[in-house]
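# Examining the three-dimensional arrangement
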Amino acid sequence: KGPRDKTQSISMHAAIAKKRVYFSYAVALILATTLFYIFSLYWFIPTFQLSFLFTFLLTAMTMLLFLTAVVPETGKGVKIHKFVSYGFAFLMMPFIIFIAANPNVSFFARITAGITFLWMITVWYLFFFSSKNKAIAKHYLFYQSSYLLLFFLSILAATYV
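Here is a short report on the structure shown in this document. (Residues numbered from 1 in each chain as written. Predicted model: local features only at pLDDT ≥ 70, side-chain atom pairs only at ≥ 80, totals over all residues. Heavy atoms only, no water.)

### Re the overall build of the protein chain
- A tally of regular secondary structure across the protein chain gives seven helices and zero strands.
- Start at the N end of the protein chain and walk to the C end: the helices and strands fall as α-α-α-α-α-α-α.
- Counting the 161 residues in the protein chain, one finds 42% classified as buried.
- Residue pairs at least 24 apart in sequence account for 66% of intrachain contacts in the protein chain once pairs closer than 6 positions are excluded. (Helix = DSSP H or I, 4+ residues; strand = E, 2+ residues; numbered from the N terminus. Buried < 20%, exposed > 50% of the residue type's maximum accessible area, 1.4 Å probe, protein only. Contact = heavy atoms within 4.5 Å.)

Following this line, the structure appears as structure tokens:
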């Protein structure tokens, strides 16, 4: 809920809504993150024989995502929230590289992960290095959503294809 503003992040949409809405958002994000972590530890990592470095990366991402959920993107928490959320988003890239480079993952899933990685690099470039980043920022929600959706699509492709 809240205003439909394409320039704001998913977290910001939740943070500017009522406290009850933010609490629901935080609980849902923590629950989903916990379930994803358990799935990754007990099925994804053993199935695809991923390394300790991957497990460490997953754990770091999970901790950052927990912090993203509990520190709202408002008031004094804005800087902390942005730091941990961008840290999480950055760590998603090496996570995807592990999938794209893994010979135990299907060819289709590796291609999907490769395309996802290219999109991720493009988004980082557009937001931090492009001279037109203000025009790009008008569609922040699209870029953030597509970044996340492609990340999870890569995991789904690895899991089911």
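### As for a nonpolar patch on the surface
- Residues Phe108, Leu153, Leu156, Tyr160 and Val161 make up a contiguous nonpolar surface patch of roughly 560 Å² in combined accessible area.
- Considering every element that reaches the nonpolar patch, the biggest residue donor is helix H7 (residues 140–160), with three residues. (Patch = residues over 30% accessible without salt bridge, like charges linked within 9 Å, V, L, I, M, F, W, Y side chains within 5 Å. Areas by Shrake-Rupley, 256 points an atom, 1.4 Å probe, with all protein chains shown as cover. Salt bridge = Lys/Arg side-chain N within 4 Å of Asp/Glu carboxyl O.)

### A word on the environment of Phe117
- For Phe117, the position within the fold is in helix H5 (residues 107–128).
- Among the residues examined, Phe117 registers a relative accessible area of 22% and is labelled partly exposed.
- Separated by 24 residues in the primary sequence, Phe117 and Met93 place their C-alpha atoms 6.2 Å from one another.

Spatial relationships are all this shows, so hold off on functional conclusions.
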